[in-house]
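One letter stands for each residue in the lines below.
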Amino acid sequence: MSQDLASDHADVIALRAEVDRLRALLGPSEESYVKLRLDVLGARDAAIGAEAELGRLKAYCQALEAETVRMKRDHEWLRGQVLNRIRRLRTKTPSFDKVVGRLSR
């Protein structure tokens, strides 16, 4: 029986040593490990959220670029329409030569 007690006592000492070794790896307590784990998960969630926001902003920039191209195209069309009308008026009135010259530049 005393041999069993000695064996059990040695097992308890070995287990305590293992717990101390693990605590040294993890920090002062298991609570610190839990807090660290929560920090890691929070940082991961923040990174995922930032990536999602980046994707949203990239899509918004692409939409703005497409809108800018459309507006430039519409501006050129409108400018052409105005110049054509002024040219037609120029044939009727010579005072429009200066206006057409300025708008054409």
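Please refer to the structure higher up on the page.
Residues numbered from 1 in each chain as written. Predicted model: local features only at pLDDT ≥ 70, side-chain atom pairs only at ≥ 80, totals over all residues. Heavy atoms only, no water.

A. Quick peek at the overall build of the protein chain. Summing up its helical and strand segments, the protein chain has 3 helices and 0 strands in all. Starting at the N terminus and walking to the C terminus, you meet the elements of the protein chain as α-α-α. By the burial criterion, 3% of the 105 residues in the protein chain qualify as buried. When the accessible surface of the protein chain is split by element, carbon and sulfur atoms take 61% of a total near 9400 Å². (Helix = DSSP H or I, 4+ residues; strand = E, 2+ residues; numbered from the N terminus. Buried < 20%, exposed > 50% of the residue type's maximum accessible area, 1.4 Å probe, protein only. Areas by Shrake-Rupley, 256 points an atom, 1.4 Å probe, with all protein chains shown as cover.)

B. Region of interest: the pattern of salt bridges. With the rule as written, the count across this model stands at 5 salt bridges. Among the salt bridges present, the one from Glu53 reaches Arg56, with a minimum N-O distance of 2.7 Å. Within this pair, Glu53 and its partner Arg56 are both found in helix α2 (residues 30–92), separated by 3 residues, close to a single helical turn. Beyond isolated ion pairs, a larger network of salt bridges with shared partners links Glu67, Arg70 and Asp74. (Salt bridge = Lys/Arg side-chain N within 4 Å of Asp/Glu carboxyl O.)

C. Representation of the environment of Tyr33 within the structure. Relative to the helices and strands, Tyr33 is located in helix α2. Sequence separation between Tyr33 and Arg23 is 10 residues, and the spatial gap between their C-alpha atoms is 9.3 Å.

D. Representation of a nonpolar patch on the surface. A contiguous nonpolar patch, built from Trp77, Leu78, Val82 and Leu103 and spanning about 400 Å² of accessible area, is present on the exposed surface. Counting residues per element, the nonpolar patch draws most heavily on α2, at 3 residues. Considering the arrangement of structural elements, one finds Val82 in helix α2. The exposure class of Val82 is partly exposed, given its relative accessible area of 39%. (Patch = residues over 30% accessible without salt bridge, like charges linked within 9 Å, V, L, I, M, F, W, Y side chains within 5 Å.)

The values reported here are purely geometric and, on their own, carry no functional implication.
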